[in-house]
Amino acid sequence: PKSDDVPKKPQYDSTFTDKVIAATGPNANRRLAEVMPSLVRHLHAFAREVNLTVAEWMAAVEFINECGKMSDDRRNETQLLCDIIGLESLVDEITSKVLSTSDSETPSAILGPFYRHNAPLLPNGSSIVKNLAPSLPWYEQAVADSAFVTGRVLSNSGEPIQGAIVDVWHAAPNGLYEQQDESQPDMNFRGRFKTDALGGYAFYALRPVPYPIPDDGPAGRLLTLLDRHPYRPGHIHFVVSAPGFRPLTTQLYDDRDEYIAKDAVFAVKDELVVKFSPREGDPNARWSLQYDFVLGRG
Ligand code: MBD
Ligand code: FE
């Protein structure tokens, strides 16, 4: 036989790992019986590979406990931990590969920890910017970055989808989502828009700015220990949904942003990088952006 037909022997005695896997009973949950042996195998192999000590393992247990204790409906530290090690982006990529039915659908991107259900349903052409007053510390920047965002929601065969919901949210110019920031009104920079007969949606918002993910907890400590920065490129989040189609969770990235090439949570895709154009003759917006979302059936 050729030499690459010879099965490779594991570098270690796998008897112990096999024993743990074999403890799974015949009535185990089917999906768990499928995934747990693999998880155990990889975790054991990891611990062996790095010679993990009891003290290191215990530090990791404490770390995860701390993430859990810090999490509530305003902050999800465990999710943030997954984000900085690329896990949320990876499972998003796997999920869209499993579920997508065509190549023409708009790529997905991760939801992130700051989504809120029940953002106000607003008429097309209205603004998600609340209480924009000259007394705000970031008023000038908000005016300079004011933007009109418009486009259509289409099926992957190119037909406009009427009655789709475009659910949108982004951070303020100070880099904080409204639920992180006492000084912002409830549901600031959030809204849901229903597409018209031509599949169109339209709203006023701001060009998004780069901002650091919350780095005052364990996830931030890990970034520091890894000599990494906490910045995400400026982005606008979307969840686009319509009856008969698979909901699309995605983000758009402003091409002016240097962090596009070094997102702290690894969520940028080329197709989601957009160009804002100067807008003439609109007192409410200095910039405009046009973007069509393509949904897959399912
Ligand atoms: C964010 O704002 C975000 O969008 C993601 C994905 C992770 C952390 C903070
Ligand atoms: Fe975000």
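Remember, it's a predicted structure, so these values are computed and weren't measured experimentally.

Moving on, we come to the overall build of the chain. Looking only at helices and strands, the chain features seven helices and 13 strands. Principal-axis analysis of the C-alpha atoms places the extent of the chain at approximately 75 × 45 × 40 Å. Per-residue burial for the chain yields a buried fraction of 41% across its 298 residues. Of the contacts formed within the chain by residues at least 6 apart in sequence, a portion of 73% connects residues at least 24 apart. Carbon and sulfur atoms make up 56% of the accessible area of the chain, which totals about 17000 Å². Looking at the chain, you have 30 positive and 40 negative side-chain charges, and the mean spots of the two groups are 4 Å apart.

In the vicinity of ligand 1, 14 residues are found, and the nearest of them are Tyr-177, Tyr-211, Arg-232, His-235 and His-237. Within the side chain of Tyr-177, a nitrogen or oxygen atom sits 3.2 Å from an oxygen atom of ligand 1. Contact distances for ligand 1 include 2.8 Å between an oxygen atom and a side-chain N or O atom of His-237. The protein chains hide 99% of the 260 Å² of surface that ligand 1 would expose on its own.

Further remarks concern the confidence of the model for the chain. Low pLDDT marks stretches whose predicted atomic positions should not be read closely. Per-residue pLDDT for the chain has a mean of 95; in total, 97% of the residues score no lower than 70. Overall fold confidence (pTM) sits at 0.91, and the ipTM for the predicted complex is 0.98.

Each protein donor to the iron ion (ligand 2) is listed here as Tyr-177 (OH), His-235 (NE2) and His-237 (NE2); together their distances run 2.0 to 2.1 Å. Between the donor residues of the iron ion (ligand 2), the gaps in sequence give the motif Y-x57-H-x1-H. Both residues of the pair, His-235 and His-237, belong to the buried class.

On to the environment of Gly-163. Within the secondary structure, Gly-163 sits in the loop between strand E2 (146-155) and strand E3 (165-169). Owing to a relative accessible area of 25%, Gly-163 belongs among the partly exposed residues under this scheme. Not counting the four nearest positions on each side in its chain, Gly-163 is found in contact with Lys-194, Thr-195 and Asp-196.

Right, let's get into unusual backbone geometry. For Met-187, which is not glycine, the phi dihedral falls at a positive 65°. On the accessibility criterion, Met-187 (8% relative accessible area) is buried. For Phe-189, which is not glycine, the phi dihedral falls at a positive 60°. Inspection of the secondary structure puts Phe-189 in the loop between E3 and strand E4 (190-194).

In terms of nonpolar packing, the biggest core is built from 43 residues, with Phe-203 and Phe-238 touching the most fellow members. Mapped onto this core, the elements with two or more residues apiece are helix H4 (77-84), E2, E3, strand E5 (200-206), helix H7 (218-225), strand E8 (235-241), strand E9 (248-254) and strand E13 (293-295). The contact partners of Phe-203, leaving out residues within four places of it in the chain, are Gly-125, Ser-126, Ile-128, Ala-147, Phe-148, Val-149, Val-168, Phe-193 and Phe-238. Within the second largest apolar cluster, seven residues are counted, among which are Val-129, Leu-136, Trp-138 and Leu-206.

Let us look at the pattern of salt bridges. Applying the stated criterion across every chain yields a total of 19 salt bridges. Note that Lys-269 and Asp-92 form a salt bridge whose closest N and O atoms lie 4.0 Å from each other. A residue pair is termed long-range when its members are at least 10 positions apart, and Lys-269 in the loop between E9 and strand E10 (273-274) and Asp-92 in helix H5 (residues 87-99) qualify at 177 residues. You can call Lys-269 buried: its relative accessible area is 18%.

The next subject is the packing of aromatic side chains. The description of an aromatic ring pair rests on the distance of the ring centres and on the angle between the ring planes. Taken as a whole and assessed by the stated rule, the structure comprises 12 aromatic pairs. When the ring of Phe-203 is compared with that of Phe-238, the centres are 6.4 Å apart and the planes differ by 50°; the resulting orientation is tilted. You can see Phe-203 sitting in strand E5 and its partner Phe-238 sitting in strand E8, a full 35 residues away along the chain. In this structure an aromatic cluster arises from ring pairing among Phe-193, Tyr-201, Phe-203, Phe-238, Tyr-291 and Phe-293. A cation sits over an aromatic face here: Arg-207 above Trp-287, 4.3 Å from the ring centre.

To continue, consider the packing of H4 against H7. The interhelical angle for the contact between H4 and H7, taken along N-to-C directions, is 25°, at an axis separation of 8 Å. Considering the angle they form, H4 stands roughly parallel to H7. Contacts between H4 and H7 involve Glu-77, Leu-80, Leu-81 and Ile-84 from the former and Pro-218, Ala-219, Gly-220, Leu-222 and Leu-223 from the latter. In terms of residue class, the contact of H4 with H7 is built from seven nonpolar, one polar and one charged.

Here we come to the environment of Arg-48. Mapped onto the fold, Arg-48 is located in helix H2 (residues 30-50). Residue Arg-48 is classed as partly exposed on the basis of its relative accessible area of 31%. Sequence-wise, Arg-48 and Tyr-204 are 156 residues apart; in three dimensions their C-alpha atoms are separated by 54 Å. Not counting chain neighbours up to four residues away, the residues in contact with Arg-48 comprise Tyr-12, Asp-13, Phe-16 and Thr-17.

Cut-offs and rules
Residues numbered from 1 in each chain as written. Chains lettered and ligands numbered in written order. Predicted model: local features only at pLDDT ≥ 70, side-chain atom pairs only at ≥ 80, totals over all residues. Heavy atoms only, no water. Helix = DSSP H or I, 4+ residues; strand = E, 2+ residues; numbered from the N terminus. Buried < 20%, exposed > 50% of the residue type's maximum accessible area, 1.4 Å probe, protein only. Contact = heavy atoms within 4.5 Å. Areas by Shrake-Rupley, 256 points an atom, 1.4 Å probe, with all protein chains shown as cover. Lys, Arg positive; Asp, Glu negative; His and termini not counted. Charge placed at Lys NZ, Arg CZ, Asp CG, Glu CD. Near = heavy atom within 4 Å. Polar contact = N/O pair within 3.5 Å; in protein donor to acceptor, adjacent residues only side chain to side chain. pLDDT = per-residue confidence, 0-100. Donors = N, O, S within 2.8 Å, 3.2 Å for Na, K, Ca; no water. Core = buried A, V, L, I, M, F, W, Y, C linked by side-chain atoms within 4.5 Å. Salt bridge = Lys/Arg side-chain N within 4 Å of Asp/Glu carboxyl O. Phe/Tyr/Trp six-rings, centres within 6.5 Å; stacked < 30°, edge-to-face > 60°. Lys NZ or Arg CZ within 6 Å of the ring centre and 35° of its normal. Axes fitted to C-alpha atoms, helices over the stretch in contact; angles between N-to-C directions. Parallel < 35°, antiparallel > 145°, perpendicular 65-115°, else oblique. Nonpolar A, V, L, I, M, F, W, Y, C, P; charged D, E, K, R; others polar.

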